[in-house]
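The chain contents come next:
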Amino acid sequence: MGHVIGIDLGTTYSCIAGLEGGRPVVIPNLEGLPTTPSVVSFTAAGERLVGTLAMRQAVTNPANTFYAVKRLIGQKYRSPQIQEAIGRLPYTLKEAPNGDVAVVLGDRTLSPPEISSMVLSYLKECAEAFFGGPVTEAVITVPAHFNDAQRQATKDAATIAGLAVQRVINEPTAAGLAYGLDAKKNGLAAVYDLGGGTFDITILELSEGVFNVLATNGDSYLGGEDFDNRILEWLGESFRAETGIDLGSDKLALQRVKEAAEKAKRELSFTSETEINLPFISSDRSSSKHIRKTLSRLTFETMTADLVERTVPRIEQALADAKLTLDRIDHVILVGGQTRMPLVKERVTKFFGRKPEEKVDPDQIVALGAAIQSGVLDGQVRDIVLLLDVTPFALGIETEGDGYETVIERNTTVPVRKVKAFTTVEHNQRRVRIHVLQGEGFLASMNKSLAVFELVGIEPAPAGVPQIDVTFEITADGLVQVSAKDKETGLEQRIEVRPSSGLTAAEVEEMRKRQAGRELAKLGANG
Ligand code: AMP
């Protein structure tokens, strides 16, 4: 039997777990730590660094140190989220030929999956050192609210790192699995997951080894980084007011302020006041300038209360979709580092009218759950009979005049298949175009375009005569697949797929080869 591995590829930190004697354990990284910063850096000397070593480069080498790449994965360059991120990131983003976002390294660009693959590759190495043998497969987690493009890009990252993906599972579901199995709990659980970059709320039923997700909701653009940014903006504004200097154009200074902001935020989870001290952060003709500010927990809470509040309607929607009232929830589980903030805990306690479970480590539980799922798929864990998850978004197709017709509703249990019959509207029409989208918007243009599937080579016939059954499928990984059959002949209908984003299979393969040969390690020097 191979080694079973679960990986939580986080926005800010990643964690890897395995099974030892049938029990899930966190695998320490090469420095002996349970979590690894999801940071990759290329030094001027041509070295590729990952994790803590890369993070240490962030201040001295900001343009070639890539963090929070999970926020870029599966995104279009022109999306509002990316446009907003551009001004804040010390590294440069660019539009890839297919419209996806790419990261600039010297005179070339890298795709977000390629950078994430370097974090995964490092984690794979840690697991191999731990087990003393090769690791080739893993369960990998994603935020429940990741769409098809983001899931596919994450899967691509694993493939590039040389890992076969046993299953992509949702982070809160993984947490529910680890919690339910460990505590042998039954009943209804709400998993509130606020990580570095994403928020998910998942309602699931735990019952004698059956884990049934009833509903999920979330925001893949709300997380700890937004809390850091509030402190960053506050510091930047007061510095500008005092000195007239805008720190925004100084990448090095910006990185120092960002790190100080995150540190202050963490401290405020345990103290009521903290000092932010950044000597020689800038200068003008007359003198050097320093930042020295005191931030109280109360002020920080006032700055960020709206971010915490943004999670509430999401919880309400998830409960409504699960057709449950608040009093039915038996367990509240907090996941993700940002839930250590007292205000988050208080708001969740107030909402549910009960305290969250105490014994859960918010940084490790997702990886532990992923390792359990890996063990289930491998046959090493037998206590879990079934894990049923749901799709976070509706799947639909474009109809005339920017219309949108839902084919699969959100929160439907996956895997799921729906068959729809298509025909032609003109005589001798040889092609039928199906534009597949994901989302809840009532217009096609309000939703995320996944791909255009074109049925080609239809036999000439009068309009309306050809009958083609198109099967829309969402796999257990949450990925979308479309296939078609000619009803009359029963023959597989040929489809040309034009994906709206993502890497091609050939690109993934090329990157995998490059990664295996560590060619990119030298990029820093060349670029
Ligand atoms: P995760 O994606 O779960 O690793 O979450 C990491 C996020 O949690 C980052 O934004 C961290 O800054 C944040 N975080 C970690 N520890 C704390 C803490 N003690 N208080 C507040 N936020 C924290």
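Our structure is the block above this text.
Residues numbered from 1 in each chain as written. Predicted model: local features only at pLDDT ≥ 70, side-chain atom pairs only at ≥ 80, totals over all residues. Heavy atoms only, no water.

Description of the packing of aromatic side chains
- Per the stated rule, a full pass over the model turns up seven aromatic pairs.
- Here the aromatic rings of tyrosine 67 and tyrosine 91 are separated by 5.8 Å at their centres, their planes lie at 85°, and the arrangement is edge-to-face. You can see tyrosine 67 sitting in the loop between strand S7 (65–66) and helix H2 (80–86) and its partner tyrosine 91 sitting in the loop between H2 and strand S8 (93–95), a full 24 residues away along the chain. The residues tyrosine 67 and tyrosine 91 share a single accessibility class, namely buried.
- Aromatic side chains phenylalanine 422 and phenylalanine 472 sit 6.5 Å apart centroid to centroid with 45° between the ring planes, which places their arrangement in the tilted category. Of this pair, phenylalanine 422 sits in strand S23 (residues 416–422) while phenylalanine 472 sits in strand S26 (residues 468–474), and the two are 50 residues apart along the sequence.
- Phenylalanine 472 sits in the buried class, given a relative accessible area of 0%. (Phe/Tyr/Trp six-rings, centres within 6.5 Å; stacked < 30°, edge-to-face > 60°. Helix = DSSP H or I, 4+ residues; strand = E, 2+ residues; numbered from the N terminus. Buried < 20%, exposed > 50% of the residue type's maximum accessible area, 1.4 Å probe, protein only.)

What about the pattern of salt bridges?
- In total, this model carries 31 salt bridges according to the counting rule given.
- Here lysine 76 and aspartate 100 are joined by a salt bridge, their closest N and O atoms 3.0 Å apart. Taken together, the residues span a long stretch of sequence, with lysine 76 in the loop between S7 and H2 and aspartate 100 in the loop between S8 and strand S9 (101–105) at a distance of 24 residues.
- Judged by its relative accessible area of 12%, aspartate 100 is buried.
- With a closest N to O distance of 3.7 Å, arginine 417 and glutamate 473 form a salt bridge. Here glutamate 473 lies in strand S26 and arginine 417 lies in strand S23, a separation of 56 residues in the sequence.
- For arginine 417, a relative accessible area of 58% puts it in the exposed group.
- Owing to a relative accessible area of 19%, glutamate 473 belongs among the buried residues under this scheme. (Salt bridge = Lys/Arg side-chain N within 4 Å of Asp/Glu carboxyl O.)

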